[in-house]
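Per-entry structural report
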Amino acid sequence: MADRFRSSREVIIRTQAWAEAAHFYGSTLGLPVTYRGKSMLGFETGAFCLYVEKGAQHGPVFEFLVPDVQGAKLQLINAGCTVEEEDASHPRCYIRDPFGVVFNIGRPRPGS
């Protein structure tokens with residue numbers, strides 16, 4: 001049985017130029033900071049929440065929420081997707097679909 005995939009409002013980018021990105025999104029675009037961590041900032045854009053993380057650069061990562069992450073991961077792999085990055089401590093499971101789009105699959109947060 002296929003899991004129901006539902007997008008969240010979160011998009012994450014990663015960059016080595018973290019301070020410059022923080023200045024650009026916070027000062028140049030004037031986006032309010034909604035999350036501040038040691039290696040990540042969150043900005044409210046109105047339509048979505050943009051997270052900027054310190055690290056090796058990659059393109060934007062969208063997020064889909066599912067009731068069963070492992071089941072969804074297997075379903076996606078069987079459909080031709082590949083796992084790009086996985087880290088249970090965040091939790092993070094980045095999937096690249098057959099058309100090049102990268103997204104995280106995660107569980108819905110309480111109250112969402």
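An account of the accompanying structure is given in this report. (Residues numbered from 1 in each chain as written. Predicted model: local features only at pLDDT ≥ 70, side-chain atom pairs only at ≥ 80, totals over all residues. Heavy atoms only, no water.)

Remarks on the nonpolar core
Counting eleven residues, the largest nonpolar core consists of V11, I13, W18, A21, A22, Y25, L31, L41, F43, L50 and V52. If you list the elements that add at least two residues to this core, you get β2 (10-15), α1 (18-28), β4 (40-44) and β5 (49-54). In terms of residues, this core owes the most to one element, α1, which gives four residues. Filtering out sequence-adjacent residues up to four positions away, W18 remains in contact with G37, K38, S39, M40, L41, V52, E53 and K54. Counting nine residues, the second-largest nonpolar core is a separate cluster that includes V66, A72, C93 and I95. (Core = buried A, V, L, I, M, F, W, Y, C linked by side-chain atoms within 4.5 Å. Buried < 20%, exposed > 50% of the residue type's maximum accessible area, 1.4 Å probe, protein only. Helix = DSSP H or I, 4+ residues; strand = E, 2+ residues; numbered from the N terminus. Contact = heavy atoms within 4.5 Å.)

Looking at helix α2 (residues 69-78)
Residues of α2 that are buried include every one of V69, A72, K73 and L76, and no others. End-on, the buried residues of α2 take up no more than an arc of 105°, which puts them together on one face. Exposed side of α2, more than 90 degrees from the buried face: L74 and N78 are the residues found there. On the buried face of α2, the contacting elements are β7 (82-87), β8 (92-96) and β9 (102-106). A side-chain oxygen of the first residue of α2 lies 3.4 Å from the backbone nitrogen of Q70; this N-cap is D68. Phi for G80, located one or two positions after α2, is positive at around 100°. (Arc of directions from axis to C-beta. Polar contact = N/O pair within 3.5 Å; in protein donor to acceptor, adjacent residues only side chain to side chain.)

Details of the environment of A47
Here A47 lies in the loop between β4 and β5. Given a relative accessible area of 61%, A47 falls into the exposed group.

Regarding the packing of aromatic side chains
All told, the structure shown has five aromatic pairs when counted by the stated rule. When the centroid spacing of 5.1 Å and the interplanar angle of 85° are considered together, the rings of F24 and Y25 count as edge-to-face. With 5.1 Å between their ring centres and 90° between their planes, F64 and F103 make a pair best called edge-to-face. Of this pair, F64 sits in strand β6 (residues 58-65) while F103 sits in strand β9, and the two are 39 residues apart along the sequence. For F103, a relative accessible area of 6% gives the class buried. By the ring-pair criterion, three or more aromatic residues cluster together here, those being F5, F64 and F103. (Phe/Tyr/Trp six-rings, centres within 6.5 Å; stacked < 30°, edge-to-face > 60°.)

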